[in-house]
Structures are given as structure tokens and as C-alpha cells.
Amino acid sequence: MRALSQIPGANPYLVPSSSDPAALKDADGAVIPGGFSYGDYIRAGAVAGVGEILEGVRELVDSDRPVLGVCNGFQILAESGILPGALLPNVSAHFVCKWVHVKVAETHTPFTEGIERAVLALPIAHTEGNYYCSELDLERMRKNRLMAFRYSDANGRIAEDTNPNGSVDNIAGIVNERGNVLGMMPHPERASRPSLGSVDGLMILRNFVRRTQ
Amino acid sequence: MTIIYEGKSKRLHTDPDSTERIIVEFTDAVTAGDGARRDLKPGKGKIACDTTEFIYSALASMGIETHLVKRLEGPRLLCHRVRIFPVEAVCRNVAAGSFCRRYGIERGRALSQPLVEFFLKNDALHDPLITAHAIADLGLASEEDVEFMRSVTLSVNYYLTEMFSQVDLKLVDFKLEFGKAADGRILLADEISGDGIRVWEKTGASLDKDLFREDRGDVVAAYRQLLQCIRKSDISKVPSQKERIRVIVMPRDGIKNPQGEVTKKALNRLGLKEADTVRSGRIYDITLDAPLTNSLLMKIKQMNAKLLSNPIAEKSQVRMET
């Protein structure tokens, strides 16, 4: 909320996950944040992924409004089927909390406008961030360049040793074909003020806000 | 109305109004020893029909799906047409009949828990005992269908035992047959009457076909007395039985399972050097307050794919726990 509030033109308001789907009717877009505020039973995001409020999110997606899922929000988007694939336990079996670098795709997506091919410093904090999907989905995402962010080093080199959780193809974030849904494990909102150590995430949030207008 | 099939004590007729239904007519014939002994006992067909109608209606009121549609005039029932599985399910609470002969134990010995056995329906082979694996292997029914029949058989046993005990009768054992309807549902078929059940009074007297098998008395009078007794019972007073479903969720083969790998290392360290791989998954135990039906099982499978497991990365199994 605080990260979004500082962006001119944004007028964010909180819609609790227990709300009626109608609460999202007039929203210009939605951010599903991380933090497991909806409980984390069965699998990360599974219970929230079948929650009633998801009907409202689906409507936003279908009416071409932007939806950004961060961390647990990404897990929820994957569990609900809005984005392909699943987020499995990290290969290390540990909770991972650290700053990482991600390389932004060269493709033009509304969320990555102005930061194409950049290397961003963003924090991750998750136990289930190991992105996995079928060969078929992977092929499709490669072809349509839907892998918005991939874990890399500071120079943008993408390799096994820059992969913090075992994600297939070092995937850190993906967009849907239509380009209005982004799911990502790193936290852009935790890199949105100099005092937090990085402002690299701000561009993503700004792009989200612009897409709502 | 043409005869489709003539069994030892029933005739099946086509239903002139629907190809999905049949008419079951109960005859007065009584047989024993795989049909080796046969006799006609006037009035027996109607009592068997009345008993089946009463019991099947009672079971249906508790949610057990049977082939009975409605009673017709005379000793006849209108039923859903099913393809009968060529196996019989026998449920035993007390040792009697072939169970005693097979294992050489005394009649009347209580079993520690209800026992379900399956028999191949084949008079020439004298209806041999058959295992669930053999049933599946011979293509007579799938393993899941066998588990379903076992589950329903135990539910029937629970409700009938409770019902009968209300009127001071002991349900010793009984035989059921199942069939698959055109829509894929497995329905309790055939009949439940004195012909396919063993019931003892408090005194130990039989109210069933043992009287005929052992030439001990008037079988029709006993069947009539059984019906009169159970008509005084009230199944709605029997608390509903809890069914248990277990859903087992495991990571798909080839998917890394960090929890399992960490567990394996710990087991090796603790001294279980033989542990080669460990895969860790989840188990959900679901209790239902209704007997298992095909549509309920289907619903649970849908819920499993939707919530309990993630088919992208996990494989799962829905098991009927009996």
C-alpha cells in the first residue's frame, strides 16, 4: 500500500481476501501481495486459489485490467490457473530470504516498459518459489517470451549458480499472453525506496499503475 | 413383456416402457446346493419380494443406491437395468455356513469385525471364493469397483445389523450382488430376503434358508416371521455411519522432493543406511456422514484435482477406507 501510494496517480485501497468478489468490481487493477495473509495450507496459495474473491480477480483479468501477484500472490495466481505452472518447495528445502538479481526480458510487456534487458536488484523471501511447469507450457512461454524476469547475477548472466530456488529456466516472474497479468516471486515493493536499499522495483509498480489508467 | 433371464428364484422381464429398466419377478422356487435341490413353496416369492422392497427402501432412505425403482403388482419390482458383476459380496458377522466348513470352526463364533468376502458366481465351479486381485485380473470388475462394493456392503451391514437388533434379531451374514447402470453408477441389485441372509432369533432359531438347506422346518413361515419382525424396526432411528476416504498426494515421479531428500539424509545418518530414496507427500482423511455413492466419489475426485492436489506437480489417489 505504502509503495503504491507514493506513485502519482495511484489511489490504492485495501480489499480483504474475505470480501465479496463484487468489492473488486470498480477496481482498475489489483495487486495480490505476499505475506501469506490468507493462510498457507495444503500448498502455498492453494486455499486462496479457490477463494471466492478469485472470481473478482478473474473478472479483472478477463476485462483486460492489470493484475500483479507478488510472492504468495504469484503462488495464488498459479494455483488458481490464471497463470500456468506451480511453485514447488525450494530445492534447498530452506526458507530463502536474500537480495537477488533478475534479468528483465527483452520483450515489451506493459509491466517491464522502460526496463527491458535491465538487471534489477530485488529481495526474495519464500519457501516455495521453485517455479515448475510442463514442457509444453515452457515451450509456449519461450516462444511468446512470457518469462518477464529470470534470476541472474549482477551482470545479467543467467546460470545454475544464480538460481536461488531451483526454478526451471531460472524463472522469477512470468506474464500471461494478454500481458495484463504478472506473477513474480521477488518483492518489487521492498525495493521501492532508497532507504530500503534499492528502488529497482519501483519501475514495475509504476508500470502497473500506468496500466490501470 | 419378454423374459430376459430366468434365474433360480427370479425371472427378469423387459419393461415395455423403458429399455433402461427391467421387471424382476420373484418365483416360489427355493433351491440349495448350487441348484442341486429345488422345491416350490407357495407364497415364498411374494414374501421375498416384500422383504426386498422393505429393506431396499430402508437402505435408500439412508442414501445407499439400489436398483429398486418401485413396487409393481404381485411379486414384482420395477428396477434399473444393470449389468450384474459376476461376483457376490458376502458379509459375515458370525461364523456360519461355508465359512465354518472352509476353516473347520464351530458355527456361531463371533468375528472380531465384519468380514467381506467375494465369490465368483458360477454354479458349475460351486461359487468359489475369489480375491479382489483375481477379480481385477480376470476383468470381472476394476479394483476401484471392488473397493466400492466392499464399502457399500459394509454400510449395508451396519444399517441392517442396527435395524435388526432393534427387533432382537441377529444378522449373521448376507449376500449382495451389484450391477453397473447405463449411467455408470454401481447399484445394489438383486435382492435381500431370507434366501440370501442368515438371521437368528435370540433363542438361536434361524429365520432363513438354513431351515430348507438342513430340512429343519417351514421356510415360508420363517421368511414371513422375519418380514413381520423387521417391519417393526425403524431405520430412521439408526445414527448415520461415518465413511472414511483417504486422499494420498505425492510429488510426481521426476519432480525433486527436497523434504524427502533431507529426510533420507537424516535416516542415513541415524543408521538406516539402506534408505535409498525417500519421497514425502501428504495424506487427507475425510469422514463423510453419508454412505459412499458413485456421485459422491466423483465429487471427491473433482475436489482432489481442484484443491487437495496440484496435478501439474503431484499425483494422487482417492481411496475408500474400510
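Residues numbered from 1 in each chain as written. Chains lettered and ligands numbered in written order. Predicted model: local features only at pLDDT ≥ 70, side-chain atom pairs only at ≥ 80, totals over all residues. Heavy atoms only, no water.

A. Representation of the overall build of chain B within the structure. A tally of helices and strands in chain B yields eight helices and 16 strands. Considered along the principal axes of its C-alpha atoms, chain B spans approximately 75 × 50 × 45 Å. With 322 residues in all, chain B has 47% of them scored as buried. Across chain B, contacts joining residues at least 24 apart in sequence account for 63% of those joining residues at least 6 apart. On chain B, roughly 16000 Å² of surface is accessible, and the fraction owed to carbon and sulfur atoms is 51%. Between the mean site of the 50 positive side-chain charges and the mean site of the 46 negative ones, chain B shows a separation of 4 Å. (Helix = DSSP H or I, 4+ residues; strand = E, 2+ residues; numbered from the N terminus. Buried < 20%, exposed > 50% of the residue type's maximum accessible area, 1.4 Å probe, protein only. Contact = heavy atoms within 4.5 Å. Areas by Shrake-Rupley, 256 points an atom, 1.4 Å probe, with all protein chains shown as cover. Lys, Arg positive; Asp, Glu negative; His and termini not counted. Charge placed at Lys NZ, Arg CZ, Asp CG, Glu CD.)

B. Main features of the pattern of salt bridges. Summed over the entire model, instances satisfying the criterion amount to 48 salt bridges over all chains. Between arginine 178 of chain A and aspartate 64 of chain A there is a salt bridge, and its shortest N-O distance comes to 3.3 Å. Of the two residues, arginine 178 of chain A sits in the loop between strand 8 (171-175) and strand 9 (181-184) while aspartate 64 of chain A sits in the loop between helix 3 (53-62) and strand 2 (67-70), which places them 114 residues apart along the sequence. Under the relative-accessibility criterion, aspartate 64 of chain A is labelled partly exposed at 33%. The partner of glutamate 65 of chain B in a salt bridge is arginine 185 of chain B, and the shortest N-O contact between them spans 3.2 Å. Of this pair, glutamate 65 of chain B sits in the loop between helix 1 (44-61) and strand 6 (68-72) while arginine 185 of chain B sits in the loop between strand 11 (169-181) and strand 12 (186-189); the two residues are 120 residues apart in sequence, bridging distant segments of the chain. Residue classification places arginine 185 of chain B among the partly exposed residues on the basis of a relative accessible area of 24%. Ionic contacts of the salt-bridge type, sharing partners, join the residues Lys10, Glu88, Lys121, Lys175, Glu177, Asp190 and Glu191 of chain B into one network. (Salt bridge = Lys/Arg side-chain N within 4 Å of Asp/Glu carboxyl O.)

C. Geometry of the environment of arginine 38 of chain B. Residue and element names in this part refer to chain B. Here arginine 38 lies in strand 5 (residues 37-40). Along the chain, arginine 38 and serine 9 lie 29 residues apart, while their C-alpha atoms are 9.6 Å from each other. For arginine 38, the residues in contact, after removing those within four places along its chain, are Lys8, Ala29, Val30 and Thr31.

D. Focus on the sheet that holds strand 2 (residues 10-15) of chain B. Residues and elements named next belong to chain B. Here five strands make up an open sheet; going across it, the order is 1-2-3-7-6 and the pairing antiparallel. Two strands close off the open sheet at either side, each with one partner strand: strand 1 (3-6) and strand 6. With strand direction ignored, the average angle separating the axes of adjacent strands in the sheet is 25 degrees. In terms of strand pairing, strand 6 meets strand 7 (residues 76-80) through four bridges, oriented antiparallel. Residue pairing in the sheet places arginine 71 in a bridge with leucine 77 of strand 7. Set on the sheet, helix 1 makes contact with strand 3 (18-26), strand 6 and strand 7; between it and strand 6 the angle comes to about 140 degrees. (Pairing = 2+ DSSP bridges. Axes fitted to C-alpha atoms, helices over the stretch in contact; angles between N-to-C directions.)

E. Seen up close, the interface of chain B and chain A. Contacts between chain B and chain A engage 15 residues on the former and 15 residues on the latter. Here chain B meets chain A over a buried area of about 1200 Å², counting both sides, of which 71% is carbon and sulfur. For the interface between chain B and chain A, the tally reads one salt bridge. Residues arginine 43 of chain A and glutamate 314 of chain B are paired through a salt bridge, measuring 3.5 Å at the closest nitrogen-oxygen approach. Elements with a minimum of two residues in the side of chain B that touches chain A: helix 7 (258-270), strand 15 (282-288) and helix 8 (294-308) of chain B. Residue classes in the side of chain B that touches chain A are distributed as eight nonpolar, three polar and four charged. (Buried area = accessible area lost by both parts, 1.4 Å probe. Nonpolar A, V, L, I, M, F, W, Y, C, P; charged D, E, K, R; others polar.)

F. Geometry of unusual backbone geometry. Non-glycine residue arginine 117 of chain A carries a positive phi angle of around 65 degrees. Backbone geometry at aspartate 190 of chain B places phi at a positive 55 degrees, although glycine is not the residue there. Counting through the fold element by element, aspartate 190 of chain B comes out in the loop between strand 12 and strand 13 (197-201). Judged by its relative accessible area of 12%, aspartate 190 of chain B is buried.

G. Representation of the layout of surface pockets. Residues and elements named next belong to chain A. Counted as a void, the second largest pocket has a volume near 1000 Å³. With four residues, the single largest contributor to the lining of the second largest pocket is helix 6 (residues 202-212). Residues of the lining of the second largest pocket, tallied by class, amount to 26 nonpolar, eight polar and four charged. (1 Å grid on protein atoms, 1.4 Å probe; cavity = no way out; pocket = protein on both sides within 12 Å on 5 of 7 lines; lining within 4 Å. Points joined across faces, edges and corners; volume = space filled by probe spheres on them.)

H. Empty space enclosed by the protein, seen in detail. Residues and elements named next belong to chain B. The tally for this structure, following the rule as stated, stands at one cavity of 30 Å³ or more. Lining the largest cavity are Ile64, Glu65, Phe148, Val152, Ile186, Leu292 and Thr293. Tallied by class, residues from the lining of the largest cavity come to five nonpolar, one polar and one charged.

I. Quick look at the packing of helix 1 of chain B against helix 6 (residues 219-230) of chain B. Residues and elements named next belong to chain B. The interhelical angle for the contact between helix 1 and helix 6, taken along N-to-C directions, is 25 degrees, at an axis separation of 10 Å. Relative to helix 6, the element helix 1 is oriented roughly parallel. Relative to helix 6, the crossing made by helix 1 is left-handed. Residues Lys44, Ile47, Asp50, Thr51, Phe54 and Ile55 of helix 1 pack against Val220, Tyr223, Arg224, Leu227 and Ile230 of helix 6. When the residues that make up the contact of helix 1 with helix 6 are grouped by side-chain class, the tally is seven nonpolar, one polar and three charged. (Parallel < 35°, antiparallel > 145°, perpendicular 65-115°, else oblique. Left-handed = near helix turned anticlockwise from the far one by under 90°.)

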